[in-house]
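Here are the chains, one letter per residue:
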Amino acid sequence: MRRVVSLAAALLGLTALARAAERPTFTVGTATAAQGHKATGYLEVPAGVDPGLRIPVVVFHGAWPGQILAIVSGAHGTEYASIIAVERLAERVDPTELSGSLVLVPLVNLASFEQKVPHVNPVDGKSMNRFYPGRSDGTQTERAAYAITKNVVEPCDHLIDLHGGDLDESLRPYTYWTKTGNAAQDAVSRDMAIAFGLDHIIAVTDRPKDPATSRYLDNTASTRGKPSIAAEAGYAGRTDPEDVEILVHGSLSVMRQLKMLPGVPSRIEHPVWIENVRSVPSEQTGIFYPLVVRGQVVEQGMKIGYVTDFFGKTIFEARSPTTGVVLYVCAVPSMRKGDTIANIGAIARTAP
Ligand SMILES: [Zn+2]
């Protein structure tokens, strides 16, 4: 079984090599790079029912044939550590030592970044990681998703989507690995998650299987046969160097795993595998007080925070629905009924 999987994975790789070798140049949006060079440009999202958008893109076309990897961040424009990480990657990668091609999209949600609005695109109020594969006649978020599907996802062989804790989320770093059921593809994406190197990996099995309703960016790649992962680091508006660096380091390590860069990937061979993520919503609007910190291990039923009214009376006590690790906890006192107090990850007994 293992040998069959490896052979199929190798065939996937060979197809990619053949495709990349044919190209004297590599173009994404308005950016065209010659072999051994880097170029910058934009993905042009035309105006429609609301204004258009120019999403910055950096392309590297390697001196040698190889895989095509896309790395995208800033779907949520205030998850700053992930955006800065891709800015650093754009400086750090040397196209003369690259095999294959690299597409970097550091900031999808420009309006969120500029206006400091978490979670959504303030132009249309939609999350820019929930409307894939997008539509050409939709609102700005949907048209941007459509442009990314056509210009970034479809040409690539592999994809990494970077996120982090948003302005109101105190998050510990982790990687998402989606098990699609395609054994050859899942073996490659699992290797990407291991090579990314974060010590907690969430194994996801409940993503949509239909490419027409893929919803998330990494799932848009997965449902099109392209091994992909998502990774998160950073929290609450901060750009701590260690959070930025683990995303840069993880991306470079995956590039080594995919033979795009020389050197050995730094694999995390025994990560903590999370098999189930339980969200804890607030049942009341008021002032939130956390009783746990990001990364803390909690037991089922443990009080993890509480909400008071504006006169100091406790109106809701939040308890953990499972034993597990606090993946993130709300970082600010603002609490609205239905908003997330924390996400708790239940730890798997065995590696998937
Ligand atoms: Zn995000």
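Everything discussed here concerns the structure shown above.
**Let's talk about the coordination of the zinc ion**
Working step 1: Protein-derived coordination of the zinc ion comes from His76 (ND1), Glu79 (OE), Glu79 (OE) and His163 (ND1), at a distance range of 2.0 to 2.3 Å.
Working step 2: Within one chain, the residues donating to the zinc ion are spaced in sequence as H-x2-E-x83-H. Note that His76 is positioned in the loop between strand E5 (64-73) and helix H2 (80-92) and His163 in strand E7 (residues 158-163), a separation of 87 residues in sequence.
Working step 3: With a relative accessible area of 5%, His163 lands in the buried category.

**Some points on the pairing of E5**
Working step 1: By the criterion of burial, E5 is predominantly enclosed, with eight of the ten residues buried.
Working step 2: Of the strand pairs in this sheet, E5 and strand E6 (residues 99-105) are connected by six bridges, and their pairing is parallel. Bridge pairing links Ala70 to Val103 in E6.
Working step 3: Running through H2, the crossover from E5 to the neighbouring parallel element E6 is right-handed.
Working step 4: Bridge analysis of E5 against E7 gives five bridges, and the strand direction is parallel. Within E7, the position partnered with Ala70 by the bridge is Leu159.

**Brief notes about the nonpolar core**
Working step 1: Counting residues in hydrophobic clusters, the biggest one holds 38 residues, and the most contacted among them are Ile71, Leu102, Leu104, Ile160, Phe196 and Met255.
Working step 2: It is helix H7 (residues 241-257) that contributes the most residues to this core, six residues altogether.
Working step 3: Counting 33 residues, the second-largest nonpolar core is a separate cluster that includes Ala75, Leu107, Tyr132 and Leu217.

**A closer look at the packing of aromatic side chains**
Working step 1: If you walk through the whole model with that rule in mind, you get four aromatic pairs.
Working step 2: Ring geometry for Tyr174 versus Tyr176: centroids 5.5 Å apart, planes at 90°, classification edge-to-face.
Working step 3: Aromatic side chains Tyr289 and Tyr306 sit 5.1 Å apart centroid to centroid with 15° between the ring planes, which places their arrangement in the stacked category. With Tyr289 in strand E13 (residues 286-290) and Tyr306 in strand E15 (residues 303-308), this pair connects stretches of sequence that are 17 residues apart.
Working step 4: The exposure class assigned to Tyr289 is partly exposed, which follows from its relative accessible area of 35%.
Working step 5: The lysine or arginine in question, Lys126, covers the ring of Phe131, its NZ or CZ lying 5.3 Å from the ring centre.
Working step 6: Stacked on the ring of Tyr216, the Lys or Arg Arg207 has its end atom at 3.8 Å from the ring centre.

**Some words on the sheet that holds strand E16 (residues 314-319)**
Working step 1: Pairing is antiparallel in the open sheet, where four strands are placed in the order E16-E15-E13-E18. A single partner strand is all that each edge strand has here, and the edge strands are E16 and strand E18 (334-335).
Working step 2: Bridging between E15 and E16 involves five bridges; their strand directions are antiparallel. Note on E16: the bridge partner recorded for Thr308 is Thr314.

**Observations regarding the pattern of salt bridges**
Working step 1: The full count for this structure, using the stated rule, is 15 salt bridges.
Working step 2: Among the ionic pairs, Arg54 bridges to Glu44, the shortest N-O distance being 3.3 Å. With Arg54 in strand E4 (residues 53-61) and Glu44 in strand E3 (residues 37-45), the pair connects residues that are ten residues apart, well separated along the chain.
Working step 3: On the basis of relative accessible area, Arg54 is assigned to the partly exposed category, the value being 45%.
Working step 4: With its nearest N and O atoms 3.3 Å apart, the salt bridge here joins Arg267 to Asp191. Here the residue Arg267 occupies a position in the loop between H7 and strand E12 (272-281), and Asp191 occupies one in helix H5 (residues 183-196), the gap between them amounting to 76 residues.
Working step 5: Through salt bridges with shared partners, a single network forms among Asp191, Arg267 and Glu269.

Reading the values: the criteria
- Residues numbered from 1 in each chain as written.
- Predicted model: local features only at pLDDT ≥ 70, side-chain atom pairs only at ≥ 80, totals over all residues.
- Heavy atoms only, no water.
- Donors = N, O, S within 2.8 Å, 3.2 Å for Na, K, Ca; no water.
- Helix = DSSP H or I, 4+ residues; strand = E, 2+ residues; numbered from the N terminus.
- Buried < 20%, exposed > 50% of the residue type's maximum accessible area, 1.4 Å probe, protein only.
- Pairing = 2+ DSSP bridges.
- Right-handed = clockwise from strand over helix to strand, strands pointing away.
- Core = buried A, V, L, I, M, F, W, Y, C linked by side-chain atoms within 4.5 Å.
- Phe/Tyr/Trp six-rings, centres within 6.5 Å; stacked < 30°, edge-to-face > 60°.
- Lys NZ or Arg CZ within 6 Å of the ring centre and 35° of its normal.
- Salt bridge = Lys/Arg side-chain N within 4 Å of Asp/Glu carboxyl O.

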